[in-house]
Amino acid sequence: MARHGGVHHGYFLPAEGASDRAEALFSFSSLAAYEQYRARFGVDPEFVAADRIRDESGCVLRYERTFMRPLLPTD
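All values reported here derive from a predicted model rather than from experimental measurement. All chains use their own residue numbering, which begins from 1 and follows the written sequence. Reporting in this predicted model follows two pLDDT cut-offs: at least 70 for local features of residues, and 80 or more for side-chain atom pairs to be given and counted; totals over whole chains, interfaces and linings ignore these cut-offs and use all residues. The basis for every side-chain value is the complete set of heavy atoms in the structure, and neither hydrogens nor water enter the calculation.

Enquirer: Which parts of the structure should I look at to understand the overall build of the protein chain?
Expert: If you tally the helices and strands in the protein chain, you get two helices and two strands. Helix and strand definitions follow DSSP, with helices as H or I runs of at least four residues and strands as E runs of at least two, each counted in order from the N terminus. In the protein chain, the succession of α and β elements from N to C terminus is β-β-α-α. A compact globule built from 75 residues would reach a C-alpha radius of gyration of about 11 Å, whereas the protein chain, at 14 Å, exceeds it by more than 25%. Projected onto its principal axes, the C-alpha coordinates of the protein chain cover approximately 40 × 35 × 15 Å. Long-range contacts, defined here as pairs at least 24 residues apart, represent 33% of the contacts in the protein chain between residues at least 6 apart. Only the protein chains shown count as cover for residues, with accessible areas throughout obtained via the Shrake-Rupley method and a probe of 1.4 Å. With an accessible surface of roughly 6,700 Å², the protein chain has 56% of that area assigned to carbon and sulfur atoms. Here the globule rule is a power law, 2.2 Å times the number of residues to the power 0.38, and the radius of gyration is based on C-alpha atoms. We call two residues in contact when some of their heavy atoms are within 4.5 Å.

Enquirer: Looking at this structure, I do not really get the pattern of salt bridges. What am I missing?
Expert: Throughout this description, the term salt bridge denotes a Lys or Arg side-chain nitrogen within 4 Å of a carboxyl oxygen of Asp or Glu. One pass over the structure, following the stated rule, counts four salt bridges. Its salt-bridge partner being aspartate 55, residue arginine 54 comes within 3.0 Å of it at the nearest N-O pair. According to the relative accessible area criterion, arginine 54 is partly exposed, its value standing at 28%. Among the ionic pairs, arginine 62 bridges to glutamate 64, the shortest N-O distance being 2.9 Å. Residues joined by salt bridges that share partners form a network here, namely Asp51, Arg54 and Asp55. For every residue, the accessible area (1.4 Å probe, protein chains only) is compared with the maximum for its type, and the residue is labelled buried under 20%, exposed over 50%, or partly exposed between those bounds.

Enquirer: Would you mind going over helix α1 (residues 31–39) with me for this structure?
Expert: It helps to recall that an α-helix has 3.6 residues per turn; residues three or four apart then point in one direction. Residues of α1 that are buried: Ala33, Tyr34 and Tyr37. Angularly, the buried residues of α1 cover 100° about the axis, an arc narrow enough to put them on a single face. Exposed residues pointing more than 90 degrees away from the buried face of α1 are listed as Leu31, Gln36 and Ala39. Arc, as used here, means the arc of the directions from the helix axis to the C-beta atoms.

Enquirer: Would you take a moment to explain helix α2 (residues 45–57) for this structure?
Expert: The span you would expect from a helix comes to 1.5 Å times its residue count less one. The terminal C-alpha atoms of α2, which comprises 13 residues, lie 18 Å apart, in line with the 18 Å expected from a rise of 1.5 Å per residue. Polar contact is the term for a pair of N or O atoms within 3.5 Å; when the atoms are in protein, one must be able to donate a hydrogen and the other to accept it, and sequence-neighboring residues count only if both atoms are side-chain atoms. Capping of α2 at its N-terminal end is provided by aspartate 44; its side-chain oxygen lies 2.8 Å from the backbone amide nitrogen of glutamate 46. Two residues or fewer after α2 comes glycine 58, characterised by a positive phi angle close to 70°.

Here's what the structure looks like:
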């Protein structure tokens, strides 16, 4: 992921409660870096392959994006 301009922090599942939701956390140095990452979808062979796996497996039922900022400074 770092070579695509961001940091992948992992995939997270609920410890209890509803089990139909998972979170994948990524961070980027700027909105511009994120936009460059998103521009690769549909073009970059790795991204196309990942999309194909997702689509063929049916493992993603809903896709939402949320933009957050750190609560505490990251020095």
